[in-house]
Amino acid sequence: MAKVCIIGAGSSGIAACQVLRARGIEFDCFEKGSGIGGNWRYGNDNGMSSAYRSLFINTSRAMMEYATYPMPDEYPDYPHHTQIARYFEDYVDHFGFRDRIRFNTEVARVEPSGDGWDVTLADGETHRYDAVMVANGHHWDPKYPEPPFPGQDGFTGDQLHSHWYREPDERFVDRNVLVLGIGNSATDIAVETSRVSRMTYLAMRRGAYVLPKFIGGVPLDQLSPSWANRLPFTLTRGLLMREVNRVQGPMESYGLPKPDHKLGEAHPTVSADLLTRIGHGRVTVRPNIANIDGGQVNFTDGTGEPIDTIVWCTGYRINFPFLDEAVMGSAGNHVPLYRRVVHPERPGLYFIGLVQPLGAIMPIAERQSEWVADLFEGKAALPEPARMEREVERVEAAMRKRYIASTRHTIQVDFHPYMRLLARERKRARGERRALPASGRRVAAPVG
């Protein structure tokens, strides 16, 4: 039986811990910070949390909860980050594996060694494992505009990445604020700063569909009946678009640019307040930045505004600082993994929660971990490396065809189809009952 290293005790890492604990698979979990929760632990002392004080989830409670541990009935449809953090604490204590997590312990290096992996901690201590499950998250290494806008380095006001935004403090009060981006963090920050700023400007490279959290009193991601979740999104997209237009109309009616893509060809933006704040005249929409001249920001439509504070909502780099580039690179956020989990050429190296779903990561991480545990126990099997690589190429080609070109979409998945795909993988070659070596090395199985 494998001995496994789990890196990170955020929402994905604790899902891996729970699964391995339930299966009786030996593991150690290393967490850089002093507590669990990862991105959902506000002010996390591991420096990796992007949570701001007012943050609420934008997928519903029913979509986000672990299958093995539902959220409390008294939680609202869209809980606050403090409730999510408490839920994670309760989850760990309910399943009783807190003592298996080593807190304040940073993993400095992970290297293949024979049939296993050497894991070196920041204090120099090294341990040998048969497999490593990487769950270090992908919303912690801020990415700024690349290349920088002309004059960006000479901006004379305050600037920060959304990763470091916490609340509308003195940097925003009675100031002209520019928020660049149209993702979920950008819209939340634009709305919140608009309540204290002189004016908040929301600039973007392209338009997006801003979706409401509720339609007809029902959370957006709970609208479809269960049978509809088995249909391709291309078939259900028209129905959702019709409901969104019925509730709030086209984006152009609010002064937002018309999206240059169909719904579902970019990660959706969910906001209950942005359109109202635009309608109140407290958020002013602008196109992309053309250049920055001291404290003046000029836009591609020829307009310009004096700006005191810029918030760059420009995404994150996928980063594995403990892995050599030769082992696993991530340039351009490109991570070629079979089923978003398995490194085809590195037996025993698995990635948990490294997805950007149209849905929630937590139940996905749970099912990914179940699949990996099946591989450890020989209850499932993997194709040969060459077949996995061909499948990775096929999926990446389909992604490029569906989504607009952006580093944001390199790990995108549709929640329900992806969950079904993992379920099929768990059934792979079960009848053969060929146990995998502890390293997690694969055996041949047909792609299906």
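The structure under discussion appears in the preceding block.
Residues numbered from 1 in each chain as written. Predicted model: local features only at pLDDT ≥ 70, side-chain atom pairs only at ≥ 80, totals over all residues. Heavy atoms only, no water.

Student: Can you break down the pattern of salt bridges residue by residue, with the values?
Tutor: Evaluated as defined, the whole model comprises 27 salt bridges. Across the salt bridge formed by Glu 111 and Arg 109, the nearest N and O atoms sit 3.2 Å from each other. The exposure class assigned to Arg 109 is partly exposed, which follows from its relative accessible area of 38%. The partner of Arg 402 in a salt bridge is Asp 414, and the shortest N-O contact between them spans 2.5 Å. Placement of Arg 402 in helix H8 (residues 385-402) and of Asp 414 in strand E24 (residues 412-414) is noted, with a sequence separation of 12 residues between them. Given a relative accessible area of 24%, Arg 402 falls into the partly exposed group. Here the salt bridges share partners, and the residues they tie into one network are Arg 23, Glu 370, Asp 374, Glu 377, Lys 379 and Arg 426. (Salt bridge = Lys/Arg side-chain N within 4 Å of Asp/Glu carboxyl O. Buried < 20%, exposed > 50% of the residue type's maximum accessible area, 1.4 Å probe, protein only. Helix = DSSP H or I, 4+ residues; strand = E, 2+ residues; numbered from the N terminus.)

Student: A description of the packing of aromatic side chains should follow, citing residues and the corresponding values.
Tutor: Under the definition given, this model contains 17 aromatic pairs. Ring pairs connect the aromatic residues Tyr 66, Tyr 69, Tyr 87, Phe 88, Tyr 91, Phe 95 and Phe 97, which therefore count as one cluster. Geometry around Phe 27 places Arg 100 over its ring, the cationic atom sitting 4.6 Å from the centre. Positioned above the aromatic ring of Tyr 78 is the side chain of Lys 213, whose terminal nitrogen or guanidinium carbon lies 4.8 Å from the ring centre. (Phe/Tyr/Trp six-rings, centres within 6.5 Å; stacked < 30°, edge-to-face > 60°. Lys NZ or Arg CZ within 6 Å of the ring centre and 35° of its normal.)

Student: Got a sec to walk through the environment of His 127? Specific residues and values, please.
Tutor: Locating His 127 in the fold gives a position in strand E6 (residues 126-129). C-alpha separation for the pair His 127 and Gly 181, spaced 54 residues apart in sequence, amounts to 42 Å. Reaching out from His 127, the side chain makes a polar contact with the side chain of Glu 125 at a distance of 2.4 Å. (Polar contact = N/O pair within 3.5 Å; in protein donor to acceptor, adjacent residues only side chain to side chain.)

Student: Go over the packing of helix H7 (residues 361-377) against helix H9 (residues 415-427) with me, naming the residues and quoting the values.
Tutor: The N-to-C vectors of H7 and H9 enclose an angle of 15°; their axes lie 9 Å apart at closest approach. It follows that H7 is roughly parallel to H9 by the angle criterion. As H7 packs across H9, the resulting crossing turns out to be left-handed. For the pair H7 and H9, contact is made by Pro 363, Ile 364, Arg 367, Gln 368, Glu 370, Trp 371 and Asp 374 and by Phe 415, Tyr 418, Met 419, Arg 420, Leu 422, Ala 423, Glu 425 and Arg 426, respectively. (Axes fitted to C-alpha atoms, helices over the stretch in contact; angles between N-to-C directions. Parallel < 35°, antiparallel > 145°, perpendicular 65-115°, else oblique. Left-handed = near helix turned anticlockwise from the far one by under 90°. Contact = heavy atoms within 4.5 Å.)

Student: Now, about the side chain of His 261: what can you tell me, with residues and values included?
Tutor: With respect to the helices and strands, His 261 occurs in the loop between helix H5 (233-248) and strand E15 (269-270). Beyond its immediate sequence surroundings of up to four residues, His 261 is in contact with Arg 206, Gly 207, Ala 208, Tyr 209, Ala 266 and Ile 404.

Student: Give a description of H8 that names residues and reports values.
Tutor: With 18 residues, H8 ought to run about 26 Å at 1.5 Å a step, and its terminal C-alpha atoms sit 26 Å apart, in line with that. Where H8 is buried, its residues contact E24. (Expected span 1.5 Å × (residues − 1).)

Student: So what about the side chain of Arg 23? Which residues, and what values?
Tutor: Of note, Arg 23 is situated in helix H1 (residues 11-23). Excluding residues that lie within four positions of it along the chain, Arg 23 makes contacts with Glu 370, Ala 373, Asp 374, Glu 377, Lys 379 and Arg 426.

Student: Describe unusual backbone geometry, with residues and values.
Tutor: That bond from Glu 146 to Pro 147 is cis: its omega, -5°, falls within 30 degrees of zero. Mapped onto the secondary structure, Pro 147 falls in the loop between strand E8 (141-142) and strand E9 (158-161). Positive phi values are uncommon outside glycine, yet Asn 333 reaches one of about 60°. By secondary structure assignment, the location of Asn 333 is in the loop between strand E21 (316-317) and strand E22 (349-351). Residue classification places Asn 333 among the buried positions, given a relative accessible area of 6%. Here Arg 340, not a glycine, exhibits a phi torsion of approximately 70°, which is positive. In this structure, Arg 340 sits in the loop between E21 and E22.

Student: I'd like a rundown of the sheet that holds strand E4 (residues 107-113), residues and numbers included.
Tutor: Judged by pairing direction, the sheet is antiparallel, and its three strands sit side by side in the order E4-E5-E6 without closing on themselves. Every interior strand has two partners, whereas the edge strands, E4 and E6, have only one. If you compare each strand with its neighbour and ignore which way they point, the axes differ by 20° on average. Two elements, strand E5 (residues 116-121) and E6, share four bridges in a ladder whose sense is antiparallel. Its bridge partner lying in E6, Asp 118 is registered against Arg 128. (Pairing = 2+ DSSP bridges.)

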